[in-house]
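Examining the three-dimensional arrangement
In case you want the letters, here they are:
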Amino acid sequence: MSELDRKAASVFAGKVVRKDLVRKVKVGANVPVFVLEYLLGRYCATDDSMAIEAGLRVVNSMLAENFVRPDEANKAQSFVREKGKHTLIDKLKVRYLSQDDKYWAEFVNFGHKYVHIPERYIRQFDRLLMGGIWAQVNIRHEFDEEARGKRSPFWIDEMQPIQLASFDLEEYRQCRREFTTDEWIDLLIRTVGMEPSHFDRRLKLLFLIRLIPLCEQNYNLVELGPRGTGKSFAYQEISPYVILLTGPTTVANLFYNLATGKMGLVGLWDAVAFDEVADLQNMQKEVVTTLKTYCESGTFARGKEALSGSASIALFGNTNQPVEVMVHSSHLFAPMPDVIREDMAFLDRVHFYLPGWEVPKMRIEFFTDHYGFVVDYLAEALRELRRHNFTEMIDHYFSLGSHLNARDVKAARKTVSGLIKLICPDGEIPREDMAELLDVALEGRRRVKEQLKKMGSFEYHKTSFSYIDNETRVERFVGVPEEGGRDLISIDPLDPGSVYTASVDDQGKVGLYRLEVGCSAGSGKLKLAGGIDSSMKNSIQRAFAYIQGNKVDMGVGRAFVTTDFYVEGIDLLSNRISCEVGVALIVAINSALKKHSALPALLILGDLSIQGNIKGVRSLAEPLQIGMDNGARRALIPIENKRHFLEVSADIVERVDPIFYGDPLTAAMKALGMN
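Notes on the structure in this doc start here. Because the structure is a prediction, the values reported are computed rather than measured.

Criteria and thresholds
Residues numbered from 1 in each chain as written. Predicted model: local features only at pLDDT ≥ 70, side-chain atom pairs only at ≥ 80, totals over all residues. Heavy atoms only, no water. Core = buried A, V, L, I, M, F, W, Y, C linked by side-chain atoms within 4.5 Å. Buried < 20%, exposed > 50% of the residue type's maximum accessible area, 1.4 Å probe, protein only. Contact = heavy atoms within 4.5 Å. Phe/Tyr/Trp six-rings, centres within 6.5 Å; stacked < 30°, edge-to-face > 60°. Lys NZ or Arg CZ within 6 Å of the ring centre and 35° of its normal. Helix = DSSP H or I, 4+ residues; strand = E, 2+ residues; numbered from the N terminus. Salt bridge = Lys/Arg side-chain N within 4 Å of Asp/Glu carboxyl O.

Side note on the nonpolar core
Residues Tyr172, Leu208, Tyr235 and Phe373 are the most contacted members of the largest nonpolar core, which totals 98 residues. Aside from chain neighbours lying at most four places away, what touches Phe373 is Phe12, Lys15, Val16, Val17, Lys19, Glu37, Tyr172, Trp184, Leu187, Leu188, Thr191 and Leu378. Judged by nonpolar contacts, the second largest core, of 43 residues, contains Leu280, Val287, Leu291 and Leu452.

Right, dumping it as structure tokens:
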């Protein structure tokens, strides 16, 4: 037995279990992990191999005799009738029927909805009325002769919930002090069945972040990554207080049913998780709208009532492309269903985006053979910690940077609070550990903001997240490993005929494109590639008509009439924002005909009217910010936008050199560096 196993078994006697035994029994039994660990902790809590083997036989025998499979419900009911009494392991729910003025118990697998239950159990275990609990139940068959309403022959004599009868948080905190931080993290990782020796520190923290919705109220988590990485395991097997949904739901089910007056899932469970989030494509828009409000404040309105809930929300989904492809061709929310993917206000409420592509697919060697907590004990600890608040702990050591708005600060604080509850439940955390947790928290929130910025909205441009040490006043900036699509604009010169251009629409969203012009022998015709929308097509045709009428003045007359031009616009942000590219096309055609590349890292702004007059952009700040964030170092700007340059932030002025022009020919010459 390892040192950590000995310490865990000694300090948490009776509250830890060998995880390899759980897997052995789990393979042949379709019951939740906390049910198995309850039985294993009861019959196999020893190091003696003979006693363990005997205990396993008892557990397997109990499951074979007492656990009811749903497809054997009628057989089980008949068995109880013939035998008179029997012990069952099943999920038990209770509901009150006013017409009978009576509580009725329902066995989920046993398949009977009308079972008599002593009312003392309902008072003792109120969760029977809120979704139900797994229990070991002694049931008897006896004809109901005195019933006034509905009759049922099944009676519960005794029941024992398969969960802790009580939990002492102070004892849990005191026992935590017996372990180092590294030992404690390893014990938590082993509790979820993984062997920590295979993972580095960062990956261990990512595993723990999956558990934050279980211990932090109203926490919003998203994890997208490859299949088979165990994204939803904690919500299926670790805690009886969370629910995992596998398809679309309704407002009545999730929030509040006006017809029945019953609270929905967010009021009954500690966390509500959506597995395979792409399957929510057909979910009603009203659900997303209500969920958007709930994720912001924990409240929602139904009918005349303003209601609240404390359940955290977790969204899990699969990616079908490598992260590098998503970063360069779209954004990291692309696997989401349309009803969510394009709703930036909803996505802005996500507190942490967990990079699922960093988590390896589960392999046999990753599973642990060591001791971990009985998951039900950990579930009770996490549930009790939901009552406590550590969001202000950051202020003891650090202050947050200027780029974090109110939602960013809230997200970072809640993530750090959740990690403190998991790693340091007593709230005593040293400066170095706090810095590590804050790094991770800011990274997860910045990943959300980077995608929103890529989707084209200028209001999300402040993503240089940082924190400042209160003692040294040193500021540390936190990035994201995949950098959210940086350097889409190359610092090296492009091939002749290729340029970068951008424009901003009336909603402040920016379209960023690479315009490519190919040439072949011909007679001066224009041919457009597919995928160019009507607005951009009109802009290209106006500019091409201008060149046709002024080709001699531009010095390309002979080359123009003997060449056909193929134009393609590549949407670098994949946000489908149309772009006015008139001036960019003039520069690109001149570049192609003169076989001269445009200036490196140049972003071209501006369009042409039908008479060839320069049309400025609506605003400079948004396209220059997006351009700078993606690698632009100089910008070709209409002279009429010069007055807007005063609205541009100081860091853009410092990093992006403006080049002003007043007519198309000047624009082409300056862009090619030939003026």
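Past the structure itself, the notes keep going.
Describing the packing of aromatic side chains
Within the structure shown, the criterion is met by 30 aromatic pairs. Between the aromatic rings of Phe107 and Phe110, the centroid separation amounts to 5.6 Å while the plane-to-plane angle is 75 degrees, which identifies the pairing as edge-to-face. Each member of the pair, Phe107 as well as Phe110, is classed as buried. Here the aromatic cluster, defined as three or more aromatic residues joined through ring pairs, consists of Phe12, Tyr172, Phe179, Trp184, Phe373 and Tyr377. Taking the ring centre of Tyr241 as reference, the NZ or CZ of Arg383 above it sits at 4.1 Å. A cation sits over an aromatic face here: Arg431 above Phe398, 5.9 Å from the ring centre.

Focus: the side chain of Arg445
Mapped onto the elements, Arg445 comes out in helix α20 (residues 431-454). Among the residues examined, Arg445 registers a relative accessible area of 0% and is labelled buried. Discounting chain neighbours no more than four positions away, the residues touching Arg445 are Asp348, Val350, His351, Arg407, Asp408, Ala411 and Phe465.

Thoughts on the pattern of salt bridges
Counted according to the given criterion, the structure contains 46 salt bridges. Put simply, Glu119 and Arg123 hold a salt bridge, and the shortest N to O gap is 3.8 Å. Residue Glu119 and its partner Arg123 are both found in helix α6 (residues 119-124); the two are separated by 4 residues, about one turn of the helix. Glu119 gets classed as partly exposed once you look at its relative accessible area, which sits at 42%. Its relative accessible area of 64% is what places Arg123 among the exposed residues. Arg190 serves as the salt-bridge partner of Glu195, at 3.3 Å between the closest nitrogen and oxygen. Pair check on accessibility: Glu195 and Arg190 agree, each one buried.

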